[in-house]
Amino acid sequence: MARPTDYTPEIGATICERLASGETLNQILKTPGMPDRVTVWRWQRANEDFRNLYAQSRMEQAHYWSDEIVDISDDGSRDYKESGDRGPVVDMDHIARSRLRVDTRKFLMAKIVPKIYGDKIAQEITGADGGPVQMESSRTEAEKLEFAAMLAKAREK
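These figures come from a predicted structure and were not determined experimentally.

**What about the pattern of salt bridges?**
Within this structure, the stated rule accounts for four salt bridges. In this structure, Glu68 engages Arg105 in a salt bridge whose closest nitrogen and oxygen atoms are separated by 2.7 Å. Pair noted here: Glu68 is in helix H4 (residues 48-74) and Arg105 is in helix H5 (residues 92-112), with a separation of 37 residues, a long-range link. Between Glu141 and Lys144 there is a salt bridge; the shortest N-O distance is 3.5 Å.

What follows is the structure, encoded as structure tokens:
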């Protein structure tokens, strides 16, 4: 069966519902009857309704992943493994994999919905509406010239 190339609201809705349910676009597009990645990108450029639905679905996907992070973090069922006569020992491989799963989700969430899941520091150093920070100096022109002269003199030494 050939991959669809023409946008239909049904396929668009299916893609977005699955994104919002935590699946990745790669996982979705492996399903028979789904378009390829380039087609989905083309649909986003050409169809404003799909573009908006897709963006909303990505935000919902990030919220889904935030719940998954709690589940992954709380699940200690495989943190220990049996090692014969020594009894249970810590399974560092499983713990490392869990950490990677959590960190990957956190990274993607911060990129998809930075205002909610991004670092506060990065948010605080942006100006109004995410623009550049506007700096103002309270020094007079005479003070600026005096300071520049002091710097020049210090460099000469």
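Read on, since the account is not over.
**A look at the nonpolar core**
Proteins that are soluble and globular tend to have nonpolar side chains buried together. Core analysis: the biggest nonpolar cluster contains twelve residues, these being Ile11, Ile15, Cys16, Leu19, Leu25, Ile28, Leu29, Met34, Val40, Trp43, Phe50 and Tyr54. Among the secondary structure elements, those contributing two or more residues to this core are helix H1 (9-20), helix H2 (25-29), helix H3 (37-46) and H4. The leading source of residues in this core is H1, at four residues. If sequence neighbours within four positions are ignored, Ile28 has contacts with Ile15, Arg18, Leu19, Glu23 and Met34. Formed by seven residues, the second largest nonpolar core is a distinct cluster that contains Ala62, Trp65, Ile69 and Ile72.

**Points about the packing of H4 against H5**
Each pair of packed helices can be described by the angle between their axes along with the distance between the axes. It is the contact of H4 with H5, at a shortest axis distance of 9 Å, that shows an interaxial angle of 155°. Relative to H5, the element H4 lies roughly antiparallel. H4 and H5 meet at a crossing whose hand is left-handed. Here Arg58, Met59, Gln61, Ala62, Trp65, Ser66, Glu68, Ile69, Ile72 and Ser73 of H4 come into contact with H5, specifically with Ser98, Arg101, Val102, Arg105, Lys106, Leu108, Met109 and Ile112. When the residues that make up the contact of H4 with H5 are grouped by side-chain class, the tally is nine nonpolar, four polar and five charged.

Parameters and conventions
Residues numbered from 1 in each chain as written. Predicted model: local features only at pLDDT ≥ 70, side-chain atom pairs only at ≥ 80, totals over all residues. Heavy atoms only, no water. Salt bridge = Lys/Arg side-chain N within 4 Å of Asp/Glu carboxyl O. Helix = DSSP H or I, 4+ residues; strand = E, 2+ residues; numbered from the N terminus. Core = buried A, V, L, I, M, F, W, Y, C linked by side-chain atoms within 4.5 Å. Buried < 20%, exposed > 50% of the residue type's maximum accessible area, 1.4 Å probe, protein only. Contact = heavy atoms within 4.5 Å. Axes fitted to C-alpha atoms, helices over the stretch in contact; angles between N-to-C directions. Parallel < 35°, antiparallel > 145°, perpendicular 65-115°, else oblique. Left-handed = near helix turned anticlockwise from the far one by under 90°. Nonpolar A, V, L, I, M, F, W, Y, C, P; charged D, E, K, R; others polar.

Purely geometric numbers; function is a separate question.
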